[in-house]
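Notes for the structure review
Take a look at the letters that make up each chain.
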Amino acid sequence: MESQNIRPGHLTAHQVATQLGITLGGVRLLVHRGQLKRSGGTPRQPWYAVDDVATLLVKRQERAAA
């Protein structure tokens, strides 16, 4: 279950997965590889900064277009 009390400017792992078009496992891999940092929440329900996700999305789109 996702936290309903998320700080403005942050996304849940489910929201990040939806934005990037990947699975929750894919989000965990991005964190493990250092491409995405947790910015709050709990160990079981982490939050990610919207700016970090947007930057990652742009990089992924540029790579796909190349």
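Quantities reported herein were computed from a predicted structural model and do not represent experimental measurements.

Some thoughts on the sheet that holds strand β3 (residues 46-49)
Ordered in space as β1-β3-β2, the 3 strands form an open sheet in which the pairing is antiparallel. Of all strands in the sheet, those with a lone pairing partner are β1 (10-12) and β2 (38-41), marking the two edges. Going from strand to strand, the sheet's axes swing by 45° on average, the running direction of each strand aside. In this sheet, β3 lies alongside β2 in antiparallel orientation, the contact comprising 3 bridges.

Some thoughts on the side chain of His-10
Tracing the chain through its elements places His-10 in strand β1. Residue His-10 is classed as buried on the basis of its relative accessible area of 17%. Separated by 3.3 Å, the side chain of His-10 and the backbone oxygen of Pro-8 make a polar contact. Apart from residues no more than four positions distant in its own chain, His-10 is found in contact with Gln-15, Ser-39, Trp-47, Tyr-48, Ala-49 and Val-50.

Points about helix α2 (residues 24-32)
Those residues of α2 that sit buried are Gly-26, Val-27 and Leu-30. Looking straight down α2, one finds its buried side chains confined to an arc of 105°; they lie on one side. Seen from the buried face of α2, the exposed residues on the opposite side, beyond 90 degrees, are Arg-28 and His-32.

Brief notes about the environment of Gln-15
In this fold, Gln-15 is placed in helix α1 (residues 13-20). For the pair Gln-15 and Leu-56, spaced 41 residues apart in the sequence, the C-alpha separation amounts to 14 Å.

What counts, and at which threshold
- Residues numbered from 1 in each chain as written.
- Predicted model: local features only at pLDDT ≥ 70, side-chain atom pairs only at ≥ 80, totals over all residues.
- Heavy atoms only, no water.
- Pairing = 2+ DSSP bridges.
- Helix = DSSP H or I, 4+ residues; strand = E, 2+ residues; numbered from the N terminus.
- Axes fitted to C-alpha atoms, helices over the stretch in contact; angles between N-to-C directions.
- Buried < 20%, exposed > 50% of the residue type's maximum accessible area, 1.4 Å probe, protein only.
- Polar contact = N/O pair within 3.5 Å; in protein donor to acceptor, adjacent residues only side chain to side chain.
- Contact = heavy atoms within 4.5 Å.
- Arc of directions from axis to C-beta.

The analysis is restricted to geometry; functional conclusions fall outside its scope.
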